Amino acid sequence: MTYETARAIFAEWDVDTELAIDRLRPIAISIHCWQGDDVTGFEAKGGMSSGGIQATGNHPGRARNPSELRADLEFALSMIPGRHRLNLHAMYMDADDAPDRDEIEYRHFASWVDWALENGLGLDFNPTFFAHAKADDNLTLSHPDKGVREFWIEHGRRTREIAARMGREIGSPVVNNVWVPDGYKDAPVDRGAARMRLEASLDAMLSDVFDRSHMLDAVESKLFGIGVEACTVGSHEFYLGYAIRKGMLLCLDMGHFHPTEDVADKLSAVALSLDAILLHVSRPMRWDSDHVILLNDDIIAVAQELVSSQLLDRTHVGLDFFDATISRTAAWVLGTRNMQKALLRALLLPLDRVKAAEAALDFTQRLAVMEEARDLPFGEVWREFCKRANVPSGQALIGELAAYQDSVSDR
Ligand code: RNT
Ligand code: ZN
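Let me sum up the structure you'll find in this document. If you're wondering where the values come from, they're calculated on a predicted model, not measured in any experiment.

Tallying secondary structure elements over the protein gives 14 helices and 12 strands in all. Relative to the 2.2 N^0.38 estimate, which gives 22 Å for 411 residues, the radius of gyration of the protein is 21 Å and therefore close to what a compact globule would have. By its C-alpha atoms, the protein is 65 × 50 × 40 Å across when sized along the principal axes. When burial is assessed residue by residue, the protein has 55% of its 411 residues classed as buried. When the accessible surface of the protein is totalled, it reaches about 17500 Å², and 50% of it is carbon and sulfur. The distance from the centre of the 43 positive side-chain charges to the centre of the 64 negative ones in the protein is 1 Å.

Attention now moves to the pairing of strand β6 (residues 215-220). Extensive coverage of β6 is indicated by the burial of 6 of its 6 residues. By the alternation rule, side chains of β6 split into Met215, Asp217 and Val219 and Leu216, Ala218 and Glu220, which are all buried. In this sheet, β6 lies alongside strand β4 (residues 174-178) in parallel orientation, the contact comprising 5 bridges. Across the sheet, asparagine 176 pairs through a bridge with aspartate 217, a residue of β6. Here β6 runs beside strand β8 (residues 249-253); their pairing, made up of 3 bridges, is parallel. Within β8, the position partnered with glutamate 220 by the bridge is cysteine 251.

Another aspect to go through is the packing of helix α6 (residues 191-205) against helix α7 (residues 236-246). The interhelical angle for the contact between α6 and α7, taken along N-to-C directions, is 30 degrees, at an axis separation of 12 Å. Here α6 is positioned roughly parallel relative to α7, judged by the angle of their axes. Where α6 crosses over α7, the two elements pack in a sense that is right-handed. Where α6 approaches α7, its residues Arg195, Leu198, Glu199, Leu202 and Asp203 are matched on the opposing element by Phe238, Tyr239, Tyr242, Arg245 and Lys246.

Before going further, it helps to examine the site of ligand 1. Neighbouring ligand 1 are Trp34, Ile53, His89, Phe130, Trp179, Glu220, Lys222, Asp253, His256, His280, Asp288 and Asp320. A distance of 2.7 Å is found between an oxygen atom of ligand 1 and a side-chain nitrogen or oxygen belonging to histidine 89. Taking aspartate 288, its side chain carries an N or O atom lying 3.4 Å from an oxygen atom of ligand 1. The fraction of the free accessible surface of ligand 1 (310 Å²) that becomes covered by protein chains is 99%.

Bound to the zinc ion (ligand 2) on the protein side are Glu220 (OE), Asp253 (OD), His280 (ND1) and Asp320 (OD), at distances that span 2.1 to 2.2 Å. Metal-centred angles of 72 to 165 degrees between the 6 donor atoms at the zinc ion (ligand 2) mark the site as octahedral. On the primary sequence, the residues serving as donors to the zinc ion (ligand 2) are separated as E-x32-D-x26-H-x39-D. Residue aspartate 253 is found in strand β8, and its partner aspartate 320 is found in the loop between β12 (315-319) and α10 (328-347); the two are separated by 67 residues along the sequence. Residue aspartate 253 is classed as buried on the basis of its relative accessible area, which comes to 0%.

Over its 13 residues, helix α3 (residues 66-78) runs 18 Å from end to end, which matches the ideal 18 Å to within 8%, given 1.5 Å per residue. Those residues of α3 not exposed but buried are Pro66, Glu68, Leu69, Arg70, Asp72, Leu73, Phe75, Ala76 and Leu77. Structurally, α3 contributes buried residues whose contacts are with β1 (30-32), β2 (85-87), α4 (110-118), α10 and α14 (394-408).

Rules of the game
Residues numbered from 1 in each chain as written. Chains lettered and ligands numbered in written order. Predicted model: local features only at pLDDT ≥ 70, side-chain atom pairs only at ≥ 80, totals over all residues. Heavy atoms only, no water. Helix = DSSP H or I, 4+ residues; strand = E, 2+ residues; numbered from the N terminus. Rg over C-alpha atoms; globule rule 2.2 N^0.38 Å. Buried < 20%, exposed > 50% of the residue type's maximum accessible area, 1.4 Å probe, protein only. Areas by Shrake-Rupley, 256 points an atom, 1.4 Å probe, with all protein chains shown as cover. Lys, Arg positive; Asp, Glu negative; His and termini not counted. Charge placed at Lys NZ, Arg CZ, Asp CG, Glu CD. Pairing = 2+ DSSP bridges. Axes fitted to C-alpha atoms, helices over the stretch in contact; angles between N-to-C directions. Parallel < 35°, antiparallel > 145°, perpendicular 65-115°, else oblique. Left-handed = near helix turned anticlockwise from the far one by under 90°. Contact = heavy atoms within 4.5 Å. Near = heavy atom within 4 Å. Polar contact = N/O pair within 3.5 Å; in protein donor to acceptor, adjacent residues only side chain to side chain. Donors = N, O, S within 2.8 Å, 3.2 Å for Na, K, Ca; no water. Tetrahedral: all angles 85-135°; square planar, octahedral: opposite > 155°, others 65-115°. Expected span 1.5 Å × (residues − 1).

Pasting the structure below:
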């Protein structure tokens, strides 16, 4: 089937494929740097990652330094249609002087900004509150010890300064997202005190005022993690209230809720009280396992909600998965493309028609249209989108992914 035939089929459903392509093109996905090296980072330190962040596998080709990570990203980006953003963590500093987390400065990240500018990429940022001796007991901003809290407050303060400077240099606001692992393995008896300490630390950490055209603050909640099964201090309720009170972004990670909860359903609800949302699109399998996202029902539902509830303009779509059992670059490419494919599918749905049916309580029509629409030739429109962006698809893509993996497998 040609694209023109597909276009005519969609037109019969009153869907304009050209319009859908035009709407998809400017959507920048925030691609997480940490898929490239199993969340290891480039700090001059050894030791295990803590905070329940674990990549599984030892596939050959892990990026060991900033230049390898950039080369891998350049390849991945060349296989992904459109212009996107790189989401960095503070542990990805590019520095010779090995600063501790409370010593980082803009200059430690300046090379990333130069590289982003050269490649036409936006940037996002994150303080790193894990994989550090001062986070080994899974308590950071809510630690009972004031000295430990102050160390992490200083880290977070510095990341906001760095993020704001990055945003100024790049000319697009950098989302600085705060996730802390804080929690308890077994049932705490003073949850309230822990939450008050987290709140006070956040207040101190977030007190400097920055131009919102340079930097946007986000906070990320979680239900539980390995080692913090009984209580997560920064739970959903904690951060939902905090983000609303402070006018910040709320980050909804698809792996951070009970598996029967539906993040797609939450979007239009939280959007009533928030200016903007940050998404960590992920695929939890039985737990927050961070599998590479598929074009599955969960992802399609999220994309459909963003389009249907008109939230694309105020949602920052970020990815959060890491798998080291497969080619890391292929994981980036396939995951990011799946997010784009899901958005394209949503943009190609005859939504006006099903919305009208729903408003008229004609649920039969709604069901019939949605089910028949599953057979529309989305793939032809996607291939056309890739072709126009000079990006391969199908077997050509698979060949490119395999060839690049071969080229890095002796690392
Ligand atoms: C952890 C959170 C967090 C991290 C990244 C590396 O459960 O999802 O977003 O995955 O910051
Ligand atoms: Zn996340």
